[in-house]
Number of protein chains: 2
Amino acid sequence: MAYTQHAKTLAEEVHQRIRADILAGRLLPGQRLKLALLCDEHGVSLSIVREALTRLAAEKLVRAQPQQGFAVTALSVAELRDLTFVRIAIESVALRRAIELGGVEWESRLLAAHHRLAHTPVHSPADPKRLSEAYAQAHAQFHETLTEACGSPRLLELQRSLYDTSELYRRLSYMLNRRRRNKAGEHRGLLDAALARNADRAVAMLAEHYESTTRTLVESGILERPAIGDAA
Amino acid sequence: MAYTQHAKTLAEEVHQRIRADILAGRLLPGQRLKLALLCDEHGVSLSIVREALTRLAAEKLVRAQPQQGFAVTALSVAELRDLTFVRIAIESVALRRAIELGGVEWESRLLAAHHRLAHTPVHSPADPKRLSEAYAQAHAQFHETLTEACGSPRLLELQRSLYDTSELYRRLSYMLNRRRRNKAGEHRGLLDAALARNADRAVAMLAEHYESTTRTLVESGILERPAIGDAA
DNA sequence: TATGTTTAGATTATCGATTTATAATTTACA
DNA sequence: TGTAAATTATAAATCGATAATCTAAACATA
């Protein structure tokens, strides 16, 4: 995920901060991002906020409309389905390569990442409805490690970018999911398949893992009403 | 490719202009892009050029180094190989879907795009060493049409972005390729395979099509010396 | 009451100037 | 003569102000 790398420029700093706000759900899909408010909030000038939002727009986390400012990207059902399809397509390729190329080094890191994930509480003690920040991190780390050994930096970056785009939908899904899907089991299965070098099974599990999240969201109907709140 | 959509803001206008300069090879890989010079050239203020370059950096067409400005992205051999790998991976998925989903409508457009490509002169009369602008367009169009029917806007956009990144390497390859590879034949074969709904053959041809371009470049050794010229 | 038009307020887009950081050059010292 | 510190020059990053544009409210008209 690479939150808070030591940013070398102010614009980069603010870019990462706003990005984190979006991914953590502090800024909601559809919400307008008014420049002046963001300036106050981060204590910087217009140019900085503009540059930050411009970058986020290029990453598709916010949408820019000329003369009308910026808003957090809100995915339609169709777009979420498409995103899921592309993620599965790309990660399948990466996962197959990783399973093919990864060595003992990779196996160890994967095992470690899974162990951390399995032992991180899903909900924060403070707000039991929400996903904890620590879990979100561990989850991202596990999925990243899974394909890490694929040997293609570019593919990995694509994967990370798409992961980010779907991050807040993933959080939503967690909050919605009443019948408590067995996430832990799915991760365990993924781990086992990868370590057993069973690419077909791993890929199938990954696809199901992603599709079920999307299904939960679509069936909940929460995506229909574009949760537009104003201001930042 | 979407050159010169009617841009609604100045920054977008300049962004597209610089982008076109890079893709057409008027700005070379490794070349530093000094803000002041670009301001003069396009008759705009610093902020505008900064925003344009920031976007190009997000698209990976230029590289930004904090406190040191921007430079046109120069791919190393390893990066070019990786790029090729990712392009093949992504377009393979898209092509298979297109072959599966595409209807008569798609076939017609593909046939038309191929016809146009086949009848556009490769070199411009003005500069017989360089690739003509018209051919570059037609080529882009053909490849875009090939996968158009895949049903995934996101996948197509990814494809286009990667196509752009490799655009100037493709042009280089054309200029270098002495033994005159049979490009026309490859395109013809791709067309036939697609129309015959032979996904495996089409994908294989596509992969070979891209890999041979990369091979030409790598073997030429032209990528080794990072063609750094200063100024814009 | 509904529709279209004008006007005031708010917000974004752009600019030119200032501040800050890096790179190049000179000077001092071993 | 070579290295390190100090100085200057160059370019990027940031800011605050102005111009252009949009949104919404108030008003007039049918």
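As shown above, the structure is provided for reference.
Because the structure is predicted, anything quoted here is derived from the model rather than measured.

> Describe the protein's contact with DNA strand D, listing the residues and the values that go with them.
As a matter of local geometry, DNA strand D sits amid 21 residues, with A:L10, A:S47, A:I48, B:R50 and B:Q67 nearest to it. Taking all atoms of DNA strand D within 4 Å of the protein, the share assigned to sugar and phosphate is 78%. One of the backbone nitrogen or oxygen atoms of A:S45 is found 3.1 Å away from a phosphate oxygen of DNA strand D. The side chain of A:Q68 places a nitrogen or oxygen atom 3.2 Å from a phosphate oxygen of DNA strand D. Of all the elements in the fold, those that place two or more residues in the surface near DNA strand D are α1 (10-23) and α3 (46-58) of chain A together with β1 (32-33), α3 (46-58) and β3 (69-72) of chain B. The greatest single-element share of the surface near DNA strand D, amounting to three residues, is contributed by α3(A). Residues belonging to the surface near DNA strand D are distributed by class as follows: 10 nonpolar, eight polar and three charged.

> Now, about the interface of chain B and chain A: what can you tell me, with residues and values included?
With 26 residues of chain B at the interface, the matching set in chain A holds 26 residues. Interface of chain B and chain A: buried area, both sides summed, is about 2,200 Å²; carbon and sulfur atoms make up 66% of it. On the surface where chain B and chain A come into contact, there are four salt bridges. A salt bridge links A:E157 to B:K60; the shortest N-O distance between them is 3.3 Å. The interface formed by chain B and chain A holds eight residue pairs in polar contact (both at pLDDT 80 or more) in total.

> Which residues make up the environment of B:V203, and what values do they have?
All names here are of chain B. Along the chain, the position of V203 falls in helix α9 (residues 199-220). With 10 residues separating them in the primary sequence, V203 and A193 have C-alpha atoms 8.8 Å apart. Other than its neighbours up to four places away in sequence, V203 contacts S92, L95 and R96.

> Before we move on, could you go through the pairing of strand β2 (residues 62-65) of chain A and cite the residues and values that matter?
Residues and elements named next belong to chain A. With four bridges joining them, β2 and strand β3 (residues 69-72) adopt antiparallel strand pairing. Paired with A64 across the bridge in β3 is F70. Counted along the chain from β2 to the antiparallel partner β3, the turn is three residues long, and its residue Q67 has a positive phi close to 70 degrees.

> Got a sec to walk through the packing of helix α6 (residues 133-148) of chain A against helix α9 (residues 199-220) of chain A? Specific residues and values, please.
All names here are of chain A. Viewed as axis vectors pointing N to C, α6 and α9 meet at an angle of 150 degrees, and their least axial separation amounts to 13 Å. What the angle tells us is that α6 and α9 run roughly antiparallel. Considering only the axes of α6 and α9, their crossing is left-handed. Residue-level contacts link H139, H143 and L146 of α6 to L206, H209 and Y210 of α9. Taken together, the residues that form the contact of α6 with α9 break down as three nonpolar, three polar and no charged.

> An account of helix α6 (residues 133-148) of chain B is requested, with residue identities and associated values reported.
Over its 16 residues, α6(B) extends 22 Å from the first C-alpha to the last, a length consistent with the 22 Å expected when each residue adds 1.5 Å. Within α6(B) the residues assigned to the buried category are B:Y135, B:A136, B:A138, B:H139, B:A140, B:F142, B:H143, B:T145, B:L146 and B:T147.

> Which residues make up the environment of B:I18, and what are the values?
Residues and elements named next belong to chain B. Considering the arrangement of structural elements, one finds I18 in helix α1 (residues 10-23). On the accessibility criterion, I18 (0% relative accessible area) is buried. With 179 residues separating them in the primary sequence, I18 and R197 have C-alpha atoms 39 Å apart. The contact partners of I18, leaving out residues within four places of it in the chain, are L27, L38, H42, A52, L53 and L56.

Criteria and thresholds
- Residues numbered from 1 in each chain as written.
- Chains lettered and ligands numbered in written order.
- Predicted model: local features only at pLDDT ≥ 70, side-chain atom pairs only at ≥ 80, totals over all residues.
- Heavy atoms only, no water.
- Near = heavy atom within 4 Å.
- Polar contact = N/O pair within 3.5 Å; in protein donor to acceptor, adjacent residues only side chain to side chain.
- Helix = DSSP H or I, 4+ residues; strand = E, 2+ residues; numbered from the N terminus.
- Nonpolar A, V, L, I, M, F, W, Y, C, P; charged D, E, K, R; others polar.
- Contact = heavy atoms within 4.5 Å.
- Buried area = accessible area lost by both parts, 1.4 Å probe.
- Salt bridge = Lys/Arg side-chain N within 4 Å of Asp/Glu carboxyl O.
- Pairing = 2+ DSSP bridges.
- Axes fitted to C-alpha atoms, helices over the stretch in contact; angles between N-to-C directions.
- Parallel < 35°, antiparallel > 145°, perpendicular 65-115°, else oblique.
- Left-handed = near helix turned anticlockwise from the far one by under 90°.
- Expected span 1.5 Å × (residues − 1).
- Buried < 20%, exposed > 50% of the residue type's maximum accessible area, 1.4 Å probe, protein only.

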